[in-house]
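# An overview of the molecular structure
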Amino acid sequence: MSRFWLARAVLIALFCALVIPGGLDLYRHRHFDVPVVAGPGVTRVGRLSDYGPGLKGTAADTLVYFMEGKEPGGKALLMSNTHANEPEGLLAALIVLENGLVEKGTLIVVPQFNASASRNTKPGDGYPLYFDVPTSWGQKRFRMGNRDASPLDQWPDPDVYIHYPEKQLLSYIDIRNSNRTWPGRPNGPRMEQVTFAAMEMLRKEKVDIAVDLHGAETMFPVTNCIVAPEKSGRIATMASLTVKAREGFDSHVEPSPAGFHGLSHREIGDYSNTLPFLLEAPIPFLDQPTGPKTVKFLLDGKDPFLLSLAQKKKLFVPYDEAGWPLEKRVGQHCSVVLEIMRQFSKKSPDRAIAVREIPRYADLVRNGVGYYFHDPAGSARDRIFLN
Ligand SMILES: [Zn+2]
């Protein structure tokens, strides 16, 4: 063999040795399923494609869990992983699914709203592929997703994303951000199909309130808050004041800007009769000037660089050596969701939604997040859903 061909063979072998193991990790991540143990409150499970048939058979289709009470009442939608790199929302939604009991009305839960993003990664920022939450029966493993849908499911990106139908110019990457593609259209790009199917669900099921669970940087002003348009403002304010007075944590109200399009807290309100709310819990892991993006940091929210920035008053939330641990973030989401439903029910008793067995902030801080997850190995197989 000539030296030319030998050098070529060595280079090809080296290329394969580098690309295949890295690619395999990404392949395994995309195909890793999280077993969800549907609690006694879950009465049936459907799919988002039931409302938007274009999603059928795609990686953007996702499970929709119904928790129907014996007594008729109102309906609430809870969705998480709109941004799949903000796991406090996902964990709060799964705690509701595994533990909640609905006595009156219906709770609809979509834990992996952007299912494609939940199977996408952010290797450029050194994100972990998975994170584990400790439980009494071992570690429960979750995929760490990305903010945007995978290019495997929606491609190519335009130079500029022109929002439909408002024609507002948005960043090119927002075409894969399912919190910029509301209200969507049935034949648009995949993420517009996702939000369109969700809008159809809200309209057909006559959903009264929709809560979109997120996490936001501590250096971003819209953090630790409830974002609400005018029509949801009163309930958001009452929920904010009540959790502050009764449970001792802050979650202030931010008005949804009327001229910024594509967001759930804007378009759901404008294109349906549903009252939208978007909850942001502080997630230090997403801030830019931090140390390595480790699983430990994702869970405990402790970072020395953020601590020094807090001392220089650069953060929008109080921050000390305790960081901002997962149980606080998930606990805030659980309590604010419960409070929004309670305030809505007080205002509209004929459409009341009554739930129990969902832990609140103090329960999460005391027991941790893993305490509320059930062992799939000890659960009936027909109650396990791979998400
Ligand atoms: Zn978000």
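Provided above is the structure to which this section pertains.
Structural notes, computed from the coordinates. (Residues numbered from 1 in each chain as written. Predicted model: local features only at pLDDT ≥ 70, side-chain atom pairs only at ≥ 80, totals over all residues. Heavy atoms only, no water.)

Before going further, it helps to examine the environment of Pro72. Within the secondary structure layout, Pro72 lies in strand 4 (residues 71–79). Each C-alpha atom of the pair Pro72 and Ala17 lies 60 Å from the other, and the pair is 55 residues apart in sequence. Non-local contacts of Pro72, meaning those with residues more than four positions away in its chain, are made with Lys104 and Gly105. (Helix = DSSP H or I, 4+ residues; strand = E, 2+ residues; numbered from the N terminus. Contact = heavy atoms within 4.5 Å.)

Attention now goes to the state of the cysteines. A complete count under the given rule lists zero disulfides for this structure. As a non-bridged cysteine, Cys334 has Cys225 as the owner of its nearest cysteine sulfur, 17 Å distant. (Disulfide = S-S within 2.5 Å.)

Before going further, it helps to spend a moment on helix 6 (residues 264–271). Burial of helix 6 is extensive: six of the eight residues sit out of reach of the surface. Looking at the packing, one finds that the buried side of helix 6 touches strand 4, helix 4 (190–204), strand 10 (209–216), strand 11 (225–228) and strand 13 (275–282). (Buried < 20%, exposed > 50% of the residue type's maximum accessible area, 1.4 Å probe, protein only.)

What follows covers a positive patch on the surface. On the surface, Arg234, Arg246, Lys346 and Lys347 cluster together into a positively charged patch. Of all elements in the fold, only helix 5 (233–247) and helix 9 (326–347) reach the threshold of two or more residues within the positive patch. For Lys347, the location among the structural elements is in helix 9. (Patch = residues over 30% accessible without salt bridge, like charges linked within 9 Å, V, L, I, M, F, W, Y side chains within 5 Å. Areas by Shrake-Rupley, 256 points an atom, 1.4 Å probe, with all protein chains shown as cover. Salt bridge = Lys/Arg side-chain N within 4 Å of Asp/Glu carboxyl O. Lys, Arg positive; Asp, Glu negative; His and termini not counted. Charge placed at Lys NZ, Arg CZ, Asp CG, Glu CD.)

Attention now goes to helix 9. The end-to-end C-alpha distance of helix 9, which contains 22 residues, comes to 32 Å, matching closely the 32 Å that a straight helix rising 1.5 Å per residue would cover. The buried count for helix 9 comes to 17 of 22 residues, which makes it a mostly enclosed element. (Expected span 1.5 Å × (residues − 1).)

Bringing the pattern of salt bridges into the picture now. Where charged atoms from two side chains of opposite charge approach closely, those side chains can pair. Across all of its chains, the model carries 27 salt bridges by this definition. The shortest N-O distance in the salt bridge between Asp153 and Arg30 comes to 2.7 Å. Taken together, the positions of Asp153 in the loop between strand 7 (138–143) and strand 8 (160–162) and Arg30 in helix 1 (residues 3–30) put the pair 123 residues apart, joining distant regions of the chain. Arg30 shares its class with Asp153; the two are buried. Ionic pairing is found between Asp300 and Lys296, a salt bridge with its closest N-O pair at 2.7 Å. Taken together, the residues Asp300 and Lys296, both in helix 7 (residues 295–300) and four residues apart, mark about one turn of the helix. By relative accessible area, which is 14% here, Asp300 ends up buried. Under the relative-accessibility criterion, Lys296 is labelled exposed at 58%. Beyond isolated ion pairs, a larger network of salt bridges with shared partners links Glu247, Glu339, Arg342 and Arg360.

Structural measurements only, silent on function.
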